[in-house]
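Listed below, chain by chain, are the residues.
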Amino acid sequence: MTESNKTITVLGAGYVGLTTAALLAHAGFTVYVLEPNPLRLNVIKEGKSFFFEDGIDILISTAIENGTLIPTDSYTESVPKSSIVFSCVGTPDNPDGSTNLTYVFSAATSALECMQQGAIFAQKSTVPVGTGTRIETLFAESDKNIAYVSNPEFLREGTAVYDTLYFDRVVAGGKDHTSVEAILAVYKSLESHRETIATLASINTHERTGTYIATSLNSAELIKVTANAFLALKISFANSIAKLSDAVGADINEVMDAVGADERIGRKFLNAGRGFGGGCFPKDVSGLIASGLEYGVQMEIMTAAQDVNYSMPGYVAEKLIRGLHTDIRGSHVAVLGLSFKAGTSDVRKSPGIAIANLLSKSGAIVSVYDPQSNSEAAEHLDRNINIVESMEAATKDTAAVVIATEWEEFLGCDLASLKEAMDGSLFVDAVNRFDTKELEKHGFSYQGVGR
Ligand code: UDX
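Residues numbered from 1 in each chain as written. Predicted model: local features only at pLDDT ≥ 70, side-chain atom pairs only at ≥ 80, totals over all residues. Heavy atoms only, no water.

1. A few points about the overall build of the chain
In terms of regular secondary structure, the chain is built from 19 helices and 14 strands. Taken over the C-alpha trace, the chain has a radius of gyration of 23 Å; the compact-globule value for 451 residues is 22 Å, and the two agree within 12%. Dimensions along the principal axes, computed over C-alpha positions, put the chain at roughly 70 × 50 × 40 Å. The buried share of the chain, reckoned over its 451 residues, is 56%. Taking contacts inside the chain between residues at least 6 apart in sequence as the whole, the part at least 24 apart equals 73%. (Helix = DSSP H or I, 4+ residues; strand = E, 2+ residues; numbered from the N terminus. Rg over C-alpha atoms; globule rule 2.2 N^0.38 Å. Buried < 20%, exposed > 50% of the residue type's maximum accessible area, 1.4 Å probe, protein only. Contact = heavy atoms within 4.5 Å.)

2. What to know about the site of the ligand
As a matter of local geometry, the ligand sits amid 19 residues, with F154, L155, E157, N271 and F340 nearest to it. Within the side chain of R274, one N or O atom sits 3.2 Å away from an oxygen atom of the ligand. K341 is positioned such that a nitrogen or oxygen atom in its side chain is 2.9 Å from an oxygen atom of the ligand. When the ligand sits alone it has 660 Å² of accessible area, and the protein chains cover 91% of it. Of the residues assigned to the shell around the ligand, the class counts are nine nonpolar, four polar and six charged. (Near = heavy atom within 4 Å. Polar contact = N/O pair within 3.5 Å; in protein donor to acceptor, adjacent residues only side chain to side chain. Areas by Shrake-Rupley, 256 points an atom, 1.4 Å probe, with all protein chains shown as cover. Nonpolar A, V, L, I, M, F, W, Y, C, P; charged D, E, K, R; others polar.)

3. Here we look at the sheet that holds strand β11 (residues 386-387)
A sheet is described by the order of its strands in space; here six strands give the open sequence β11-β10-β9-β12-β13-β14, paired in parallel fashion. Each edge of the open sheet carries a strand with a single partner, namely β11 and β14 (445-447). Along the sheet, helix α13 (residues 300-323) makes contact with β9 (332-336), β12 (400-403), β13 (426-429) and β14, crossing β13 at roughly 165 degrees. Its contacts with the sheet put helix α14 (residues 351-361) on β9, β10 (365-369) and β12, and the angle it makes with β9 is roughly 170 degrees. (Pairing = 2+ DSSP bridges. Axes fitted to C-alpha atoms, helices over the stretch in contact; angles between N-to-C directions.)

4. What to know about helix α2 (residues 38-45)
A distance of 2.9 Å separates the backbone nitrogen of L39 from a side-chain oxygen at the start of α2, and that oxygen is part of N37. Just beyond α2, the residue with positive phi is G47, at close to 90 degrees.

5. Overview of the nonpolar core
Among the nonpolar cores identified, the biggest contains 44 residues, and I8, V31, F86 and I183 are the most heavily contacted of them. When sequence neighbours within four positions are dropped, the list of residues in contact with I183 reads I84, F86, I120, A122, V149, N151 and A172. Of all hydrophobic cores here, the second largest spans 35 residues; its members include I252, L320, I353 and A364. (Core = buried A, V, L, I, M, F, W, Y, C linked by side-chain atoms within 4.5 Å.)

6. Structural notes on the packing of aromatic side chains
This structure, assessed with the given rule, holds 13 aromatic pairs. Every member of this aromatic cluster is reached through a ring pair, and the members are Y15, F50 and F51. A cation over an aromatic ring shows up here: K188 above the ring of Y212, its NZ or CZ 4.8 Å from the ring centre. Just above the ring of Y315 sits the side chain of K243; from NZ or CZ to the centre is 5.4 Å. (Phe/Tyr/Trp six-rings, centres within 6.5 Å; stacked < 30°, edge-to-face > 60°. Lys NZ or Arg CZ within 6 Å of the ring centre and 35° of its normal.)

7. Details of the environment of G352
By the secondary structure assignment, G352 is in helix α14. Sequence-distant contacts of G352, that is, excluding residues within four places in its chain, are made with V335, G337, L338 and A404.

8. Quick word on the packing of helix α10 (residues 217-248) against helix α12 (residues 281-294)
At a closest axis distance of 9 Å, the pairing of α10 and α12 adopts a crossing angle of 110 degrees. As the angle between them shows, α10 and α12 are arranged roughly perpendicular. Crossing handedness for the pair α10 and α12: left-handed. Residues K224, V225, N228, A229, L231, A232 and I235 of α10 touch α12, and the partners they reach there are F281, D284, V285 and L288. Along the lines of polarity and charge, the residues of the contact of α10 with α12 split into eight nonpolar, one polar and two charged. (Parallel < 35°, antiparallel > 145°, perpendicular 65-115°, else oblique. Left-handed = near helix turned anticlockwise from the far one by under 90°.)

9. Concerning the state of the cysteines
In the structure shown here, the tally under the stated rule is zero disulfides. The thiol sulfur of C88 is not disulfide-bonded, and the nearest other cysteine sulfur, from C280, lies at 12 Å. Judged by relative accessible area, which is 8%, C88 ranks as buried. (Disulfide = S-S within 2.5 Å.)

10. Things to note about the pairing of strand β2 (residues 30-34)
Counting buried positions over the five residues of β2 gives four, a clear majority of the element. Across five bridges, strand β1 (residues 7-11) lies against β2 in parallel orientation. Pairing of V10 across the sheet is with V33, part of β2. In this fold, β1 hands off to helix α1 (residues 15-24), which returns the chain to β2; that crossover is right-handed. Pairing of β2 with strand β3 (residues 69-72) involves four bridges; the strand directions are parallel. In the strand pairing of β3, V33 is matched with P71. (Right-handed = clockwise from strand over helix to strand, strands pointing away.)

11. Considering the side chain of K224
Mapped onto the elements, K224 comes out in helix α10. D284 provides the closest opposite charge to the buried, unpaired K224, separated from it by 4.8 Å. Setting aside its immediate chain neighbours within four residues, K224 contacts T126, P152, E153, F154 and D284. (Lys, Arg positive; Asp, Glu negative; His and termini not counted. Salt bridge = Lys/Arg side-chain N within 4 Å of Asp/Glu carboxyl O.)

Here you go:
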C-alpha cells in the first residue's frame, strides 16, 4: 500500500462519519474527518465526540494523539491526499417527506474539485435510489476518472462503535468492480484490527465474521432504505396488533414472544410501544414513499406504517388521560425519557417529546427528565413543560408517570420509592418493559401499550 492508499477523508462528522473515521484511524489508515461546523470541530479536536456514544471518546482522543485522525474543515488539506473519500453528510427530510440532498451534492462537488486522479468516492449517507447515478453524471464531466461506490451504513445510535466493528454485512455497489472491492477491503482491515479496537473502547469482543456483499449501484442504494423500512414496518405492525390486544385484553409481549419464536419471523423489532423515532426510520420511510411516487410506484404499505407510527404518541397520551380518572387539566404528570431510544442523547423525532407536548397541550402540568438529552430536548418542548435534573424531581407529587425511553435508570428504579414520591398511582409503560404484576404489587395502576 502507498501512503495515499492508506489515507482516507470522511466528509461529515455526524454519528456515521465520526464513528467511521474514529474506527478506521485505528485500522491502519490516516483519516481526515472534515466537519464544517466550528463548534463540532472544536469538540472533536479536543478528543471528544459532540454526541453521547459508548466507547467513542477514547478512540477519538488516542487517534488524534497518534496522528492517525486529523479533524479539519478544509477540503484542500484532506481530499487531495486521499485515495478514498467517504461521504457521510446529513440528509434531512424536506417538508414533503422527500430527502434533502443539498449537502450530498455540495460535498460531492467540493470533493471532486480536489480529488486525485482515479480516487474512489464512497457514499455512506442514506440517499434515495437513483442519486448515485446523478452524481456519476457529475463526475463524468471531469477528466479525473473518479469511481462512485454506494456503501450504505447500518449502524445504530447508542451501539455505533459495536455495530461498525461487528457488522453483520458490508454492502458496496457500483459499476467499477475494482473500486467496489477496494471499499470492501477497507472493512477487511477494520475486521483484522477489531479486537484491539474493542478492548480500547471497552466494548465486548465477539467471534463474528461479517458478510461482504458486492452489488450494483442501484441495488446498494435500495438495500439501505429497504432494510430500515422493513424494520419500521415490523414495529408499526406490532403496534397495530398492540391496539387490538388492548381492545381484546391480550398481552402484546406474550403474543410477539410466541409469534417471533417462529424463525421465519424472528422476535427482533416487534416491540410495541410509543413508536419509532430517530434520525433514520421516520426519514427513510417518508423517503421511500417519495421515491415510489417519483417512479410511479404507490408504497401503500409504507404509508400505513407511517400512519400507525404517527398515531402512537397520541395513543399513549390518551391512555394516560383515560387512566387518570380525574381532569387532566391541572394534573401533575411526569414523562421520563426524551431521547428517541436509550443509549443516545439524540432527540430527533422523539416519541417522548411528542407525548410530553401532547399532555401539556391537554392542560397537564408536565415535568420531564432524561439522563442524557435534557438540553437537546429543551428547544423541542412546549414552553410550559418543566425540565428537571432527576427522576425524583420529575415524579414528586405527580398523579401519573410515563416511561418513554428504556433507560436502565428507569427500568431498574426503586418502585417502592417511586410510588411513595408520587401523589397518584398511574404508571404508563410506553416501552412495555415492566413486570405488570410487580407494579401492581407496589400499588400502581399499570397501562402498557397492548398489555
Ligand atoms: C436504525 C437502524 O436500526 C440502523 O440499522 C440504521 O443504520 C439507522 O436506523 P437507530 O435509528 O439508531 O438505527 O435505532 P434503532 O435501534 O433501530 O431504533 C429505532 C427506533 O425504533 C427507536 O425509536 C426504537 O425505540 C424503536 N423501536 C425499535 C421500537 O419501537 N420497537 C422495536 O422493536 C425496536
